[in-house]
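Summary of structural features
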There are 2 protein chains.
Amino acid sequence: MAEPDSRRVTLEDVARVAGVSSQTVSRVVNDHPYVSDDTRRRVQDAIRKLGYRPNRAARSLATQRSCMLGIVTYGIDHYGPAQMVTNVEQTAKARGYGVTLSTIQTLTPAEVCAAIDALGGSVVDGLVLITPVVGLRTADVMALCGDIPFVQIDTNLGAKLPSVVIDQHYGSRLATQHLLDLGHRRLCEISGPLYWHGALARHRSWIETLDAAGLEPGPHVEGDWTAASGYHAARQLLAQRASFTALVVGNDQMALGAIRALREHGLRVPQDVSVVGFDDIPEAAYFEPPLTTVRQNFAALGEQSVEYLVALIDNRNTPIHQRVLYPQLIVRQSTCPPCE
Amino acid sequence: MAEPDSRRVTLEDVARVAGVSSQTVSRVVNDHPYVSDDTRRRVQDAIRKLGYRPNRAARSLATQRSCMLGIVTYGIDHYGPAQMVTNVEQTAKARGYGVTLSTIQTLTPAEVCAAIDALGGSVVDGLVLITPVVGLRTADVMALCGDIPFVQIDTNLGAKLPSVVIDQHYGSRLATQHLLDLGHRRLCEISGPLYWHGALARHRSWIETLDAAGLEPGPHVEGDWTAASGYHAARQLLAQRASFTALVVGNDQMALGAIRALREHGLRVPQDVSVVGFDDIPEAAYFEPPLTTVRQNFAALGEQSVEYLVALIDNRNTPIHQRVLYPQLIVRQSTCPPCE
DNA sequence: TGCTATGATGTTAGCGCTAGCAATTGACGA
DNA sequence: TCGTCAATTGCTAGCGCTAACATCATAGCA
C-alpha cells in the first residue's frame with residue numbers, strides 16, 4: 001500500500017527509492033527513449049510502491065501545455081448541448097485531453113465573455129465554444145481567446161472563424177418543404193428564441209421556403225425551447241384564431257407542448273394539424289403521435305470540433321475554415337396530407 | 001489593446017510596467033491588504049494594458065491548491081446527471097471553483113476507477129462522484145481518491161462515505177402507495193438497470209410496499225432508462241399476458257415508451273392502466289396523458305454536494321455523513337382508480 | 001591505439017507564482 | 001529622543017516538473 005504520508009509523492013521521492021535521478025524518473029513517466037530496461041523496471045516498481053502520480057500543475061508550468069481543453073457552453077440541461085459536451089469530452093479523452101467546463105445561464109454576449117475569460121485564465125490548450133447566441137462579436141471572441149486556439153460550435157453559417165456548424169437553413173427547408181409537398185398551404189411556426197443563431201436561421205429559412213412557394217407565412221410565436229413554452233405558444237396561436245393545417249416547431253420539446261395544446265383544443269395531430277419538430281431527441285419516436293422531426297448529428301459536431309481543435313493546437317497554421325454538417329428529415333406519424 | 005507578444009504576459013511584465021516588484025503585483029491580484037491605493041491603481045492599469053491573466057498552473061504549484069473540482073459522472077446525456085453536473089458546476093463557480101469533467105460510458109466499477117484515476121492525477125482540490133453503480137467498493141474509492149476529499153452523489157443509502165443521496169426507497173413507496181390508495185391491486189414494474197443503486201432501491205421498495213399491503217408483485221422487466229427500452233419492456237409484459245391495472249416505471253422516458261406500447265395494444269392510460277414515472281423531467285407534464293411521477297430535486301443534490309465538498313476541503317475534519325433528500329409525488333392524469 | 005558515435009544517466013536552470021521574512025518609512029507615545 | 005508599531009514594499013526560496021546540456025561509459029571503426 002502507498003505510504004499515507006501527509007506530503008504528496010514527488011518525482012524526487014520515486015528517484016530516491018529507485019536509486020536514480022529525478023530526471024530518469026521523468027523519462028520513464030513520459031516514455032522517453034534512452035532508458036535501460038532494467039532502470040525502467042526499477043522506476044516503475046518505485047512508482048507503484050509509492051503510489052506516485054505526476055503533478056499536472058508542475059508539468060504544465062514546465063511544458064507550457066496542459067493537455068486540457070475548455071468548454072464554454074450554455075446550460076447543458078438542454079439536449080443539444082448535453083450531447084455536444086458528452087461527445088467533446090469523449091473525443092478529447094481519446095486524444096489525451098481532459099476537459100474543463102464553464103457553463104453560462106443567460107445567453108448574453110456579456111456572460112459568454114465572462115465564461116471564456118474564466119477559462120482563459122486557467123490553463124487550457126484550446127477552447128470549444130458552444131455559444132449559439134447572436135450578437136457575439138467576432139472581434140470580442142478573438143480578443144478573449146487571445147492566442148489560445150478555439151473552435152466555435154453552432155455559430156452562424158458563414159462565420160470567418162474556426163467552426164463546425166449544422167446547416168439550419170437546410171434543415172428548416174427540409175421541414176417546411178416536407179409539409180408543402182404533403183399539400184399544406186397554411187403554416188404557422190413556433191420558433192426558439194431568435195437571439196439564437198439556430199432559431200433565427202430556421203425561422204428565416206421557413207419564411208424563404210414559403211416565399212419560394214409563393215405562400216404567405218402564417219403567424220409565428222417565439223418560445224424558449226421548453227415544452228411549457230411550446231404549449232403556451234400554441235395556445236397563443238389558437239387564441240388569435242390563426243387558421244393553419246401545419247406547424248413547424250423549433251425543437252422536439254416545444255413540439256410536445258404544442259401537440260398537447262392542440263389536443264386540448266380539440267384538434268387532432270396529424271389529421272387536423274401536422275407538426276414537425278427539430279433535433280430528434282430519443283423520445284421523439286415515442287410521442288403521441290410519433291414526431292416527424294429534423295435530426296441533428298450532435299455527436300459528429302462534438303467529435304469534429306475536437307479533431308479540428310487538436311489540429312489547431314498541434315499546428316497553429318492549420319487553415320481556418322467552417323465545417324458544415326447537414327441534418328436529416330425523419331418522417332413519422334405527426335405529419336400527413338391535410339384532410340379537407 | 002494588449003500587446004500581441006508571442007510570449008504570455010507574466011507578473012514580472014506587469015511589475016516592470018507598473019514600476020513595482022512582482023510580489024506587489026501578486027498582492028494586488030490576490031486582494032491582499034497593505035497595498036496603497038495609488039500602487040494598486042497603477043498595477044491594475046498595467047494589468048489591463050497588458051491583458052495580463054494569472055497562470056493557474058504556476059499558482060497551483062505555489063499554493064498547493066487548484067481551485068478546481070473534478071466531476072466523475074456517467075454519460076450526461078441522461079436527464080439526472082445532466083442536471084447534477086449543471087448544478088455542481090454552477091455552485092462550484094459561485095464558490096470560486098472551476099470544474100473538470102471525466103465521463104464514463106459503461107458503468108462498470110473498472111471504468112469508474114479509470115475515470116477517477118484520470119482526474120486524481122490532475123490537480124483537483126476535491127472530487128464529486130456521480131457513480132450510481134452497484135459493486136463499487138468503498139475501499140477502492142478511498143484508495144483511488146487518496147487524500148483528495150470527495151463526495152459521492154446518488155450512491156446507496158447508508159453508505160459510510162461523504163455523500164448526498166435521494167431516498168429512492170421513499171420515492172418508490174410514494175409511487176406504489178399512490179397506486180394502492182387509488183385501489184389498484186395488480187401492479188407491474190419496469191425498472192431501470194438493477195446494477196444502478198437507484199433502480200435497485202426503487203425495485204426493492206416496490207416489492208416491500210406491495211408486501212406490506214399483502215399483495216403479490218406482478219411481473220417486472222428491466223429497461224435501460226430510454227424510451228425505447230420502456231416501449232419494449234411494456235410490450236414484453238403485454239406479450240406474456242400479464243394482467244395489470246397499474247404500472248410503475250423507473251423513469252419518465254421509459255414511461256413514455258411504455259405508454260406508447262400500451263396504446264398501440266389498445267389500452268387507454270389511465271382508464272385501463274395507470275402509469276407512474278420517476279424524475280419529473282420538464283416534458284412529463286406535457287405527455288399524453290400528463291404523467292404522474294416522483295420528482296427528484298437534482299438541483300439540490302448538486303448544490304449540497306458542492307457545499308459539503310467545499311467544507312471538506314476547507315476543513316479536513318468535517319464529519320463524514322450522508323445527507324438525504326426526499327423526493328415528492330407529483331400527481332397528474334396518468335393515474336386514476338381502476339375502472340372495473 | 002585512438003577517435004567517433006551512441007546509449008544511458010546526471011546536472012542545471014528555469015516555467016510563473018506565492019509564502020515568509022526582511023527592509024524601509026512614518027506616526028505615535030513614553 | 002528613542003523605541004514601538006503598523007503600513008508598505010522588496011527579496012529569496014521554493015512548489016514539482018522538464019528541456020537542454022553535460023557527462024560518462026561502451027562499442028565500433030580506421
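Summarised in this report is the structure supplied together with it. (Residues numbered from 1 in each chain as written. Chains lettered and ligands numbered in written order. Predicted model: local features only at pLDDT ≥ 70, side-chain atom pairs only at ≥ 80, totals over all residues. Heavy atoms only, no water.)

So, about the relation of the copies chain A and chain B. In this structure, two copies of a chain are linked by a rotation about an axis accompanied by a shift along it. Mapping chain A onto chain B calls for a screw motion: a turn of 180 degrees about the axis and a shift of 0.1 Å along it, with 0.2 Å RMSD after fitting. Here the copies are linked by what is in effect a two-fold axis. (Least-squares fit on C-alpha atoms with pLDDT ≥ 70 in both.)

To continue, consider the interface of chain A and chain B. Taken together, the 50 residues of chain A in the interface contact 50 residues of chain B. At the boundary of chain A with chain B, total buried surface from both sides reaches about 4,400 Å², with 55% on carbon and sulfur atoms. When the area that chain A buries against chain B is broken down by residue, the three leading residues are A:Arg53, A:Arg260 and A:Tyr286, summing to 17%. Across the contact surface, chain A and chain B share 6 salt bridges. (Contact = heavy atoms within 4.5 Å. Buried area = accessible area lost by both parts, 1.4 Å probe. Salt bridge = Lys/Arg side-chain N within 4 Å of Asp/Glu carboxyl O.)

Before going further, it helps to examine the protein's contact with DNA strand C. Near DNA strand C you find 25 residues, and of these A:Arg27, A:Thr39, B:Leu11, B:Ser26 and B:Tyr52 are the closest. Per the 4 Å cut-off to the protein, sugar and phosphate atoms form 62% of the nearby atoms of DNA strand C. In the environment of DNA strand C, a phosphate oxygen lies 2.7 Å from a nitrogen or oxygen atom belonging to the side chain of A:Tyr34. Note that a phosphate oxygen of DNA strand C is positioned 2.9 Å from one of the side-chain N or O atoms of B:Arg59. Those elements that provide at least two residues to the surface near DNA strand C are helix H2 (22–29) and helix H4 (56–63) of chain A together with helix H2 (22–29) and helix H4 (56–63) of chain B. Looking at which element gives the most residues to the surface near DNA strand C, the answer is H4(B), with 4 residues. Considering only residue class, the surface near DNA strand C consists of 10 nonpolar, 13 polar and 2 charged. (Near = heavy atom within 4 Å. Polar contact = N/O pair within 3.5 Å; in protein donor to acceptor, adjacent residues only side chain to side chain. Helix = DSSP H or I, 4+ residues; strand = E, 2+ residues; numbered from the N terminus. Nonpolar A, V, L, I, M, F, W, Y, C, P; charged D, E, K, R; others polar.)

Below, the discussion takes up the pairing of strand E4 (residues 150–153) of chain B. All names here are of chain B. Judged by which residues are buried, E4 turns out to be covered on both faces: Phe150 and Gln152 on one side and Val151 and Ile153 on the other are all buried. Note that strand E3 (residues 126–130) and E4 share 4 bridges and pair parallel. Paired with Leu129 across the bridge in E4 is Gln152. Once you follow E3 into helix H7 (residues 138–145) and on to E4, the crossover reads as right-handed. By the bridge criterion, 2 bridges tie E4 to strand E5 (residues 163–166) in an arrangement that is parallel. Bridge assignment links Ile153 to a residue of E5, and that residue is Val164. (Buried < 20%, exposed > 50% of the residue type's maximum accessible area, 1.4 Å probe, protein only. Pairing = 2+ DSSP bridges. Right-handed = clockwise from strand over helix to strand, strands pointing away.)

Our next topic: the protein's contact with DNA strand D. Around DNA strand D sit 25 residues in total, of which A:Leu11, A:Tyr52, B:Thr24, B:Arg27 and B:Thr39 are the nearest. Here, DNA strand D places atoms within 4 Å of the protein, and 62% of those atoms are sugar or phosphate. B:Ser36 places a main-chain nitrogen or oxygen 2.9 Å from a phosphate oxygen of DNA strand D. At 3.3 Å, a backbone N or O of B:Ala62 approaches a base oxygen of DNA strand D. Elements that contribute at least two residues to the surface near DNA strand D include exactly H2 and H4 of chain A together with H2 and H4 of chain B. Among the elements that line the surface near DNA strand D, the one with the most residues is H4(A), at 4 residues. Here the surface near DNA strand D is built from residues that sort into 10 nonpolar, 13 polar and 2 charged.

Let us look at the environment of A:Gln44. Residues and elements named next belong to chain A. Along the chain, Gln44 falls in helix H3 (residues 37–50). Given the relative accessible area of 32%, Gln44 is considered partly exposed. For the pair Gln44 and Val14, spaced 30 residues apart in sequence, the C-alpha to C-alpha distance is 9.0 Å.

Ordered by their spatial adjacency, 12 strands build an open sheet running E11(A)-E5(A)-E4(A)-E3(A)-E1(A)-E2(A)-E2(B)-E1(B)-E3(B)-E4(B)-E5(B)-E11(B), and the pairing between neighbours is mixed. On the outer flanks of this sheet lie strand E11 (322–325) of chain A together with strand E11 (322–325) of chain B, each paired with one strand and no other. Neighbouring strand axes in the sheet, compared pairwise and without regard to direction, differ in orientation by 20 degrees on average. Judged from the 3 bridges that link them, strand E2 (residues 98–104) of chain A and strand E2 (residues 98–104) of chain B form a sheet pairing that is antiparallel. Within E2(B), the position partnered with A:Thr100 by the bridge is B:Thr100. (Axes fitted to C-alpha atoms, helices over the stretch in contact; angles between N-to-C directions.)

On to the environment of A:Gly96, then. Tracing the backbone through its elements, the reader meets A:Gly96 in the loop between helix H5 (79–94) and E2. Separated by 55 residues in sequence, A:Gly96 and A:Val151 place their C-alpha atoms 18 Å apart.

With that out of the way, let us pick up the nonpolar core. A:Leu247, A:Val275, B:Leu247 and B:Val275 are the most contacted members of the largest nonpolar core, which totals 155 residues. Sequence-distant contacts of B:Leu247, that is, excluding residues within four places in its chain, are made with B:Leu179, B:Cys188, B:Glu189, B:Ile190, B:Leu237, B:Ala258, B:Leu262, B:Val273, B:Ser274, B:Val275 and B:Val276. (Core = buried A, V, L, I, M, F, W, Y, C linked by side-chain atoms within 4.5 Å.)

So, about the packing of aromatic side chains. Taken as a whole and judged by the stated rule, the model has 10 aromatic pairs over all chains. When the centroid spacing of 5.9 Å and the interplanar angle of 80 degrees are considered together, the rings of B:Tyr79 and B:Phe298 count as edge-to-face. Linking B:Tyr79 in helix H5 (residues 79–94) with B:Phe298 in helix H12 (residues 298–314), this pair joins segments that are 219 residues apart in sequence. By relative accessible area, B:Phe298 is classed as buried at 8%. Each residue in the set A:Tyr74, A:Trp196 and A:Trp225 is aromatic and connected to the rest through ring pairs, giving one cluster. Stacked on the ring of A:Phe278, the Lys or Arg A:Arg202 has its end atom at 4.3 Å from the ring centre. For A:Arg323, the ring lying beneath its charged end belongs to A:Tyr308, and the centroid distance is 5.9 Å. (Phe/Tyr/Trp six-rings, centres within 6.5 Å; stacked < 30°, edge-to-face > 60°. Lys NZ or Arg CZ within 6 Å of the ring centre and 35° of its normal.)

As a further point, take the pattern of salt bridges. For the structure on display, the rule yields 25 salt bridges over all chains. B:Arg42 is the salt-bridge partner of B:Asp38, the closest N and O atoms lying 3.1 Å from each other. Placement of the pair is B:Asp38 and B:Arg42 together in helix H3 (residues 37–50), with a separation of 4 residues, close to one helical turn. Beyond isolated ion pairs, a larger network of salt bridges with shared partners links A:Arg260, A:Arg263, A:Glu264 and B:Glu288.

All names here are of chain B. The final tally for this structure, using the stated rule, is 0 disulfides over all chains. Looking at Cys145, it has no disulfide partner, and the nearest cysteine sulfur is the one in Cys113, 9.5 Å off. On the basis of relative accessible area, Cys145 is assigned to the buried category, the value being 1%. (Disulfide = S-S within 2.5 Å.)

By themselves these figures say nothing about function.
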